[in-house]
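Here is what each chain is made of, one letter per residue.
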Amino acid sequence: MLCTSEGNESMKNIVVLATGGTIAGVSTSSTDTTGYRSAILTVDDIISQISPLKTIANITSEQFVQLDSADMTHEVWLELARRISSLLEREEVDGVVVTHGTDTLEETAYFLNLVVNSEKPVVLVGAMRPSTSLSCDGPMNLYNAVILASSPQSWGKGVLVTLNDTIHCSREVTKTNTALQDTFKTPDVGNFGYVVDGTPYFYRMPIRKHTYMTSFPIEKIKELPQVDIIYGHVNDRGTLACAAAEAGAKGLVYAGLGNGNMSKHMKDVLGVIQKQGVIVVRSTRVGSGVVTRNGAVDDDQYRFIAADNLNPQKARILLMLALTQTASLEEIQAIFWEY
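Residues numbered from 1 in each chain as written. Predicted model: local features only at pLDDT ≥ 70, side-chain atom pairs only at ≥ 80, totals over all residues. Heavy atoms only, no water.

**Comments concerning empty space enclosed by the protein**
If you walk through the whole model with that rule in mind, you get one cavity of 30 Å³ or more. Its boundaries defined by the atoms lining it, the largest cavity holds a volume of some 60 Å³. Around the largest cavity, the lining residues are Thr22, Ile23, Leu41, Ile46, Gln49, Ala127, Arg129, Pro130, Ser131, Cys136, Gly138 and Pro139. For the lining of the largest cavity, a count of residues per class yields seven nonpolar, four polar and one charged. (1 Å grid on protein atoms, 1.4 Å probe; cavity = no way out; pocket = protein on both sides within 12 Å on 5 of 7 lines; lining within 4 Å. Points joined across faces, edges and corners; volume = space filled by probe spheres on them. Nonpolar A, V, L, I, M, F, W, Y, C, P; charged D, E, K, R; others polar.)

Set out below in structure tokens:
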């Protein structure tokens, strides 16, 4: 159900879709920053605590779901993407903000970046401290998110992520620390910019295809194929990879060593799985850097896909969407270079 604030014709119209998370969390102690209950407050509870919001935009709020982001599902993703797309089709809606738990925020943001076909701003935001803690970060983060969604500078830049006064591209951003407020970073290429005193500052543009350039129309996607991530390690026997294939996986992302490397044994195991029709993508467990084609592994020989600089969880999302359109290895590799 939508709840709308009083309108001001001189301000942008922003819809806040809430999904739960720490930004809606509460604890019995103001000094407890890890043992809280997530997804307790409603979106209206949160907004009511941030009185300056009404001075920067006309806010419409909707409690889309209420969950810990560890419980996010493909079904919720698809419904959320359809809801955002339908909102952005309205002439009177200028942008959308999604409040989200930080554990899977980067994955939801990248999924939306690939399927929401609009130039209008979509901004994902969360918090590392619950609403009841000393110096909770949620209110300022949400304030900055509305600033971003209202800014003409945010148009055409894809789905954005903002926490801790920083602006990030959803393709490259990742959570890097379990508890600190500056956990969201973009290791390879740096953040987009900053929000300082209510003003966004951008310093670069996204190069890869996203949002309004997408070839993954959300209205045609009914479900996402099973794709699993296999973590590389010393003495990996391939047991989990084989189990995933037997359980019906259409694709596997291998979080490999270094430049997506793997043992000779794993090359053989994954090579056999690939011949059975399961698409294998090589990513890396390292945390940053490019996985190059025919670098550490002869991809032409084993018929693997190189993930470029996508981390395993992002590579999984792109592979799922690619598999909704094609099973061609050449076409899927091209998608990884383009997106």
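From this point, the discussion proceeds with the structure in view.
**Quick look at the pairing of strand 7 (residues 166–169)**
The side-chain alternation of strand 7 yields two buried faces, one formed by Thr166 and His168 and the other by Ile167 and Cys169. As paired elements, strand 6 (residues 160–163) and strand 7 share four bridges and run antiparallel to each other. Paired with Thr162 across the bridge in strand 7 is Ile167. What sits between the antiparallel neighbours strand 6 and strand 7 is a turn of two residues, in which Asn164 has the positive phi angle 55°. (Buried < 20%, exposed > 50% of the residue type's maximum accessible area, 1.4 Å probe, protein only. Helix = DSSP H or I, 4+ residues; strand = E, 2+ residues; numbered from the N terminus. Pairing = 2+ DSSP bridges.)

**With respect to the sheet that holds strand 15 (residues 305–306)**
Taken together, four strands build an open sheet; the order of strands is 12-13-14-15 and the sheet is parallel. In this open sheet, the two strands that pair with only one neighbour each are strand 12 (227–231) and strand 15.

**A few points about a nonpolar patch on the surface**
There is a patch of nonpolar side chains on the surface, built from Tyr194, Val196, Tyr201 and Tyr203 and spanning about 420 Å² of accessible area. With respect to the element layout, Tyr201 can be found in strand 11 (residues 199–202). (Patch = residues over 30% accessible without salt bridge, like charges linked within 9 Å, V, L, I, M, F, W, Y side chains within 5 Å. Areas by Shrake-Rupley, 256 points an atom, 1.4 Å probe, with all protein chains shown as cover. Salt bridge = Lys/Arg side-chain N within 4 Å of Asp/Glu carboxyl O.)

**Some remarks on the packing of helix 8 (residues 312–323) against helix 9 (residues 329–338)**
Where helix 8 meets helix 9, the axes come as close as 10 Å, and the angle between the chain directions of the two elements is 135°. The angle between helix 8 and helix 9 places the two elements in the oblique class. As helix 8 packs across helix 9, the resulting crossing turns out to be right-handed. Counted together, Ala315, Leu318, Leu319, Ala322 and Leu323 of helix 8 and Ile332, Ile335 and Phe336 of helix 9 form the full contact between these two elements. Here the contact of helix 8 with helix 9 is built from residues that sort into eight nonpolar, no polar and no charged. (Axes fitted to C-alpha atoms, helices over the stretch in contact; angles between N-to-C directions. Parallel < 35°, antiparallel > 145°, perpendicular 65-115°, else oblique. Left-handed = near helix turned anticlockwise from the far one by under 90°. Contact = heavy atoms within 4.5 Å.)

**A look at the nonpolar core**
In terms of nonpolar packing, the biggest core is built from 56 residues, with Ile84, Phe111, Val115 and Phe336 touching the most fellow members. If we skip the residues at most four places from it in the chain, Phe336 touches Arg208, Val281, Ile305, Ala306, Ala307, Asp308, Leu310, Ala315, Leu318 and Leu319. The next biggest cluster of nonpolar side chains, apart from the first, holds 32 residues, and it includes Ile46, Ile56, Ala145 and Val195. (Core = buried A, V, L, I, M, F, W, Y, C linked by side-chain atoms within 4.5 Å.)

**A few points about the packing of helix 3 (residues 105–115) against helix 8**
Contact geometry for helix 3 and helix 8: axes closest at 10 Å, N-to-C directions at 35°. Like other packed secondary-structure pairs, helix 3 and helix 8 cross with a definite hand, here right-handed. Contacts from Glu106, Glu107, Tyr110, Phe111, Leu114 and Val115 of helix 3 reach helix 8 at Gln313, Lys314, Ile317, Leu318 and Leu321. Split by residue class, the contact of helix 3 with helix 8 holds seven nonpolar, one polar and three charged.

**Here we look at the pairing of strand 6**
Residues Leu160 and Thr162 point to one face of strand 6 and Val161 and Leu163 to the other, with burial holding for every one of them. Summarising the sheet, strand 5 (residues 122–125) and strand 6 pair through three bridges and their orientation is parallel. By the bridge assignment, Leu124 is partnered in strand 6 with Val161. In this view, the connection linking strand 5 to its parallel neighbour strand 6 by way of helix 4 (residues 138–150) has left-handed handedness. (Right-handed = clockwise from strand over helix to strand, strands pointing away.)

**A few points about the environment of Asn113**
Counting through the fold element by element, Asn113 comes out in helix 3. On a C-alpha basis, the gap between Asn113 and Asn261 in space is 28 Å, while along the polypeptide they are 148 residues apart. Setting aside its immediate chain neighbours within four residues, Asn113 contacts Gly158, Val159, Ser170, His210 and Thr211. One polar contact links the side chain of Asn113 to the main-chain amide nitrogen of Val159, over a distance of 2.9 Å. (Polar contact = N/O pair within 3.5 Å; in protein donor to acceptor, adjacent residues only side chain to side chain.)

**Considering unusual backbone geometry**
Phi is mostly negative for residues that are not glycine, and the peptide bonds are mostly trans. Of note, Ala39 is a non-glycine position whose phi angle comes to about 55°, a positive value. Relative to the assigned elements, Ala39 resides in the loop between strand 2 (12–20) and helix 1 (43–48). The backbone of Arg303 sits at a positive phi, close to 65°, despite the residue not being glycine. Note on placement: Arg303 falls in the loop between helix 7 (299–302) and strand 15. The class for Arg303 is partly exposed, based on a relative accessible area of 36%.

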